[in-house]
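Survey of secondary and tertiary structure
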Amino acid sequence: MREVAIIGIGQTPVREHWPISLRHLALEASLNALHDANIERVDAVYVGNMMSGEITGQEHLGALLADSLGQTGAEALKVEAACASGSAAFRVGMMAVASGMNDLVLVTGVEKMTDTSGRETTAALAMAADAEYEVAQGVSFVSLNALLMRRYMYEYGWERKDFANFVVTAHSNGMNNPNAMFHMKVTPEQYARCATIADPVGLLDASPVCDGAAAVILAPAEYARTLSPAPIRVRGSGIATAPVAVHDRKDPLALEAARLSAKRAYDMAKVKPQDISFFELHDAFTIMSALSLEASGFAERGQGVRLALDGEITLQGRLPIATMGGLKSRGHPVGATGMYQIVETVLQLRGLAGKNQLPNARLGMVQNIGGSGATIITTILEAMS
Amino acid sequence: MEGKVAHDWRLRGQRYRLEGEECPHCKAKIFPPRDICPECKRPAKEPYRLSGRGEVYTFSTLNSAPEGFENYTPYTVALVKLEEGPMITAQLTDVAPEDVRIGMPVEMVTRKLRAQGDEGTIIYGYKFRPTGLGHAH
Ligand SMILES: [Zn+2]
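My aim in this report is to walk through the structure given alongside it, one point at a time. (Residues numbered from 1 in each chain as written. Chains lettered and ligands numbered in written order. Predicted model: local features only at pLDDT ≥ 70, side-chain atom pairs only at ≥ 80, totals over all residues. Heavy atoms only, no water.)

**Things to note about the sheet that holds strand β2 (residues 29-30) of chain B**
Residue and element names in this part refer to chain B. Short version of the rule: DSSP calls a pair of strands paired once it identifies at least 2 bridges connecting them. The helix count covers DSSP runs of H or I at least four residues long, the strand count covers runs of E at least two residues long, and both are numbered beginning at the N terminus.
Ordered in space as β2-β1-β3, the 3 strands form an open sheet in which the pairing is antiparallel. Strands with a single pairing partner mark the edges of an open sheet, and in this sheet they are β2 and β3 (46-49). Two elements, strand β1 (residues 19-22) and β2, share 2 bridges in a ladder whose sense is antiparallel. Its bridge partner being in β2, Glu22 is matched across the sheet by Lys29.

**Concerning the nonpolar core**
Residues and elements named next belong to chain A. Just so we agree on the cut-off: In this text, buried Ala, Val, Leu, Ile, Met, Phe, Trp, Tyr and Cys residues form a nonpolar core when linked through side-chain atoms within 4.5 Å. Buried residues are those whose accessible area, probed at 1.4 Å on protein chains only, stays under 20% of the maximum for their type, while exposed residues exceed 50% and partly exposed ones sit between those limits. What fixes the domain bounds is an automatic or database domain assignment. Contacts are residue-level and defined by heavy atoms, with any inter-residue pair within 4.5 Å sufficient.
Grouped together as the largest cluster of nonpolar side chains are 83 residues, with contacts concentrated most on Tyr152, Phe163, Phe166, Ile276, Leu293, Phe298 and Ile380. Split by domain, the residues of this core number at least three in each of domain 1 (4-117 + 210-232) and domain 2 (140-207 + 235-383). Those residues within four positions of Phe166 in sequence are excluded, and the remaining contacts are Thr286, Ser289, Ala290, Leu293, Gly304, Val305, Ala308, Ile313 and Ile321. With 40 residues, the next largest nonpolar core counts Val79, Val107, Leu315 and Val366 among its residues.

**Looking at the packing of helix α6 (residues 141-156) of chain A against helix α11 (residues 286-295) of chain A**
Residue and element names in this part refer to chain A. The condition that has to hold: Comment: axis = line fitted to C-alpha atoms, over the contacting stretch for helices; angle = value between 0 and 180 degrees taken between N-to-C directions. Each crossing is labelled by how the near helix is turned from the far one, with a counterclockwise turn of less than a right angle marking it left-handed and a clockwise turn marking it right-handed. For this scheme, ten residues count as nonpolar: Ala, Val, Leu, Ile, Met, Phe, Trp, Tyr, Cys and Pro. Four count as charged, namely Asp, Glu, Lys and Arg, and the remainder, Gly too, count as polar.
Look at α6 against α11: their axes get within 9 Å of each other, and the N-to-C directions meet at 60°. The two elements α6 and α11 cross, and the hand of that crossing is left-handed. The segment α6 lies against α11, with Asn145, Leu148, Met149 and Tyr152 engaging Thr286, Ile287, Met288, Ala290, Leu291 and Glu294. Taken together, the residues that form the contact of α6 with α11 break down as 7 nonpolar, 2 polar and 1 charged.

**A word on the packing of aromatic side chains**
Residues and elements named next belong to chain B. What counts here: Aromatic pairs are defined between Phe, Tyr and Trp rings, using the six-membered ring for Trp, whenever the two ring centres lie within 6.5 Å; interplanar angles under 30 degrees are classed as stacked, those over 60 as edge-to-face, and all others as tilted.
In this structure the tally under the stated criterion is 8 aromatic pairs over all chains. Considering the side-chain rings of Phe31 and Tyr126, the 6.2 Å spacing of their centres and the 75° angle between planes classify their relative orientation as edge-to-face. One end of the pair, Phe31, is in the loop between β2 and β3; the other, Tyr126, is in strand β8 (residues 121-130), and 95 residues separate them in sequence. Phe31 gets classed as buried once you look at its relative accessible area, which sits at 4%. A relative accessible area of 1% means that Tyr126 is categorised as buried.

**Details of the coordination of the zinc ion**
All names here are of chain B. Rules: Donor atoms (N, O, S) are those found within 2.8 Å of the metal centre, with the cutoff raised to 3.2 Å for Na, K and Ca; water is not part of the atom list, so apparent gaps in a site can occur.
Donor atoms from the polypeptide that bind the zinc ion are Cys23 (SG), Cys26 (SG), Cys37 (SG) and Cys40 (SG), placed at 2.3 Å. Between the donor residues of the zinc ion, the gaps in sequence give the motif C-x2-C-x10-C-x2-C. Judged by its relative accessible area of 1%, Cys37 falls in the buried class. Judged by its relative accessible area of 24%, Cys40 falls in the partly exposed class.

Below, the structure is given as structure tokens:
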């Protein structure tokens, strides 16, 4: 198996992009990545996306993007794994290069969520859950997270206010990311007072509906230095699954797929949790941040919230998370999110994260969660010295 | 697809009678039916009807509902731990949201889940209510 490197990155701002179509969002991020890598053609295009069929009435995004890029004829596929579609496409691209089947690969995550009403988008998002035995009962994606958050608070004695720093930190970091959806500070008081969507989940526990696209170019690490002045090595990659329905999981608070995917990524990279400099986790909901920190080995069970309370997750803390705003503030264009996380991790490792630059960013970890935890993908990246 | 006539007809045994399965190898009770035992991973197709008794594992009251349920807010959904072992996602009924507690004993009843489509086809299914209400009324 060949080592794989990232030699180019691109992104669009995360917004409600009324004037820009799905196709053009994907095109813009992809062209930015090709330009950054200083190449014109690739062997293959992998597109991460969840909801284009439901929202835009457009599937077959692989061929669509290859054609839009003027690369008709290239191998091209759409990869879907709910909110983990971005990292899933990255994983497929990485395997294509690692196996020797392809040399230069474009991976683009894209999601257009604002072409439908809020209710229709909510229903489309719920397709990540079990249609017959969760959605048919009237649960929304938000309420699945609410079910987990309530049980977590009950078992470990936390109150909702204890989650505030996940939100405060993400919004503080997003202030310095020009591509973030929100540029607004949030105080613990604002978090405490926000409207309830599905108790105990409030508006500020959840990430926003938005549009965006982000992309990378992958190449064999052995040639990466000849192609890029600052290549980033893929040190570890792990993907794992759990039952789609929360009720089918033996231990709903354990996020077993996160534990397994992180272990697989650590094993491949030959590193431990304490070697990780920063963690771009999947803060779609505050409860997911806590469960992800625990399952990935950064906190004991039931103690993920403690890292937020103690300020360990800020840019100055022991384990910075959501360094460019995370899903909370940068936004969560679902199928693009995993690729934004990877692009932002590359910015940190290249030393180009601006005011949010971490002083000693050596190993960056990304975790992208599909559904309420059924597909989880963990990636560990490192600057090639 | 969810909401299509054939689809709803196919699920009638589960929605009205909690028809699941029992594993012939390890005797685990299974709901919904999946034909492979989630405990021992061996084939498990023996029909088994669950009692419908259980307790609330966790719950949430929705102020904002997905498409098709917008006329019913606020309503409370729960994970119910059935006494035979499986967990099930369902709405709670006949109880005010503020009175719901984790650990509360509940039992299955058949209720309207929603009306759907232009013809207003009514979908019925299981919900859960606090145990004992049937005797008190
Ligand atoms: Zn069995």
